[in-house]
Amino acid sequence: MTSFTISPLTDRTGAEVVGLDFTEPIDPQTRTTLNRAFAEHHVLVMRDQHFTPEQFKQAAQVFGELQQHDKKEHHVPGHPDVYYVSNDEIVNGRRIIPGETFHTDHSNHPRPPKATMLFAVELPSAGGDTQYVNVHDAYDDLPVETKQRIDGLKVVHVYLSKYSPRPLGAISEESRRDVPAPGIHPLVRTHPENGRKALFLNPVRMESIVGMEDEEALALIDELMRHATQKKYEYRHKWRYGDWVIWDNRSVMHQANPDYDMSERRYLYRLMLRGEVPV
Ligand SMILES: [Fe+2]
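Criteria and cut-off values
- Residues numbered from 1 in each chain as written.
- Predicted model: local features only at pLDDT ≥ 70, side-chain atom pairs only at ≥ 80, totals over all residues.
- Heavy atoms only, no water.
- Pairing = 2+ DSSP bridges.
- Helix = DSSP H or I, 4+ residues; strand = E, 2+ residues; numbered from the N terminus.
- Donors = N, O, S within 2.8 Å, 3.2 Å for Na, K, Ca; no water.
- Buried < 20%, exposed > 50% of the residue type's maximum accessible area, 1.4 Å probe, protein only.
- Expected span 1.5 Å × (residues − 1).
- Arc of directions from axis to C-beta.
- Contact = heavy atoms within 4.5 Å.
- Axes fitted to C-alpha atoms, helices over the stretch in contact; angles between N-to-C directions.
- Phe/Tyr/Trp six-rings, centres within 6.5 Å; stacked < 30°, edge-to-face > 60°.
- Lys NZ or Arg CZ within 6 Å of the ring centre and 35° of its normal.
- Core = buried A, V, L, I, M, F, W, Y, C linked by side-chain atoms within 4.5 Å.

Undergrad: Account for the pairing of strand S2 (residues 15-18), with residues named and values stated.
TA: With four bridges joining them, strand S1 (residues 5-8) and S2 adopt antiparallel strand pairing. From the neighbouring strand, Ser7 faces S2, where its bridge partner is Glu16. Hairpin geometry of S1 and S2 is characterised by an intervening segment of six residues between the two adjacent antiparallel strands and by a positive phi of about 95° at Gly14. In terms of strand pairing, S2 meets strand S3 (residues 43-46) through three bridges, oriented parallel. Opposite Val17, over in S3, you have Met46 as the bridge partner.

Right, here's the structure in full:
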């Protein structure tokens, strides 16, 4: 038996896993324990990992099946299905920091990825944290009237909303052709494993709420975003070398921080796992 620990990082969100080497085979019982912890804590931080791109891909599958990214060109050289995020892309004179405002990954897909993960390859000497907010707790705390108002609403998620608070990086013609038709998702979804309801929000991709004027929809989204991004719902991850972080897109929103010296490079491998149609 491998001995390892899973310890909460805050009261409600995030746990760290210490003592496992994911370049070694993970036995079925450990796999079950990890997946249960993931459904309960929403963000897992596996410490002290050392991955080649191929090893990262293997380890990822402890939690599910891999899903391709929309921007296929953002892959690690020689590894077409291992993607990356970095701070070295400039579009129209503006540096693109992927994920700079709170969002949920690839919510424009009819079956959005259940999880996303990063492995730290190069980190700035300070800053560049990733923040996570728990959208189960945020939903639970809403007044009854708000719950009644939003339960049952459907939202159209497109690749890039005309109301997005920020631009996205460039996407090649070829990748753009493969972007699926917009996803139309419930504003309140239920997690298939932990059974909890959650707000499903992403201002970068939400284009409209079905049956609602845009002005009213934008005001509602703004109100829900302000509520859900309060500090009390947050786990803020300070990256260390060796960190492999996986988060559940059905349970948290996340954002990156551009608060570090941009002459330093921040480069992380990134993979996503297949999800289901949100209900
Ligand atoms: Fe993201």
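Undergrad: Lay out the coordination of the iron ion in plain terms, naming residues and giving numbers.
TA: Four donors placed tetrahedrally around a metal ideally meet at 109.5 degrees, and six donors placed octahedrally ideally meet at 90 or 180 degrees. Taken together, His103 (NE2), Asp105 (OD) and His254 (NE2) make up the full set of protein donors to the iron ion, lying 2.1 to 2.2 Å away. Summarised as a motif, the one-chain spacing of the donors to the iron ion is H-x1-D-x148-H. Pair noted here: Asp105 is in the loop between strand S8 (94-96) and strand S9 (115-122) and His254 is in strand S18 (residues 252-256), with a separation of 149 residues, a long-range link. The same class applies to Asp105 and to His254, which are both buried.

Undergrad: Lay out helix H6 (residues 214-228) in plain terms, naming residues and giving numbers.
TA: For H6, which comprises 15 residues, the first-to-last C-alpha distance of 21 Å matches the rise-based estimate of 21 Å (1.5 Å per residue) to within 8%. Turning to H6, its buried residues are Ala217, Leu220, Ile221, Leu224, Met225, His227 and Ala228. Buried residues of H6, viewed axially, fall in a sector of 160°; they line one side. Set apart from the buried face of H6 by more than 90 degrees, the exposed residues are Glu215 and Arg226. Looking at the packing, one finds that the buried side of H6 touches strand S10 (130-134), helix H3 (135-140), helix H4 (144-150), strand S14 (197-199), strand S15 (206-209) and S18.

Undergrad: Tell me about the sheet that holds strand S12 (residues 183-186), residues and numbers included.
TA: Sheet strands associate in pairs through backbone hydrogen bonding, adopting either a parallel or an antiparallel arrangement. Sheet architecture is open: three strands sit in the order S12-S11-S15, paired in antiparallel fashion. Both outer strands of the open sheet, S12 and S15, are each paired with one neighbouring strand and no more. Pairwise comparison of adjacent strand axes, ignoring direction, gives a mean angle of 30° for this sheet.

Undergrad: Talk me through the sheet that holds strand S16 (residues 234-237); I want residue IDs and the actual numbers.
TA: Across the sheet, three strands lie side by side as S16-S10-S18; this open sheet has antiparallel pairing. Looking at strand neighbours, the two that pair on one side only are S16 and S18, the edges of this open sheet. In this sheet, neighbouring strand axes are inclined to one another by 20° on average, regardless of whether the strands run parallel or antiparallel. Bridging between S10 and S16 involves four bridges; their strand directions are antiparallel. Within the sheet, the bridge partner assigned to Thr130 lies in S16 and is His237.

Undergrad: Please provide a residue-by-residue account of the packing of aromatic side chains, values included.
TA: Inspection of every chain in the model, using the stated rule, returns 14 aromatic pairs. Pairing Phe63 with Trp244 gives two aromatic rings, centres 5.9 Å apart and planes at 75°, and the pair type is edge-to-face. Of the two residues, Phe63 sits in the loop between helix H2 (53-60) and strand S4 (66-67) while Trp244 sits in strand S17 (residues 244-248), which places them 181 residues apart along the sequence. The buried category is assigned to Phe63, whose relative accessible area is 2%. Here the aromatic cluster, defined as three or more aromatic residues joined through ring pairs, consists of Phe22, Phe38, Phe51, Phe56, Phe63, Tyr84, Phe119, Trp244, Tyr267 and Tyr269. The ring centre of Tyr139 lies 5.1 Å from the NZ or CZ of Lys147, which sits over that ring. Above the ring of Tyr159, the side-chain terminus of Arg205 is found at 5.2 Å from the ring centroid.

Undergrad: Which residues make up the nonpolar core, and what are the values?
TA: With 30 residues, the main nonpolar core has Phe22, Leu34, Leu44, Phe56, Phe63, Trp244 and Ile246 as its most contacted residues. Going through the elements one at a time, S2, helix H1 (28-41), S3, H2, strand S6 (79-86), S9, S17 and strand S19 (267-273) are the ones with two or more residues in this core. Broken down by element, the residue count for this core peaks at four residues, all from S19. When neighbours within four sequence positions are excluded, Ile246 is seen to be in contact with Phe38, His42, Val43, Leu44, Met46, Phe63, Ala115, Thr116, Met117 and Leu273. Formed by 25 residues, the second largest nonpolar core is a distinct cluster that contains Val155, Leu187, Leu220 and Ala228.

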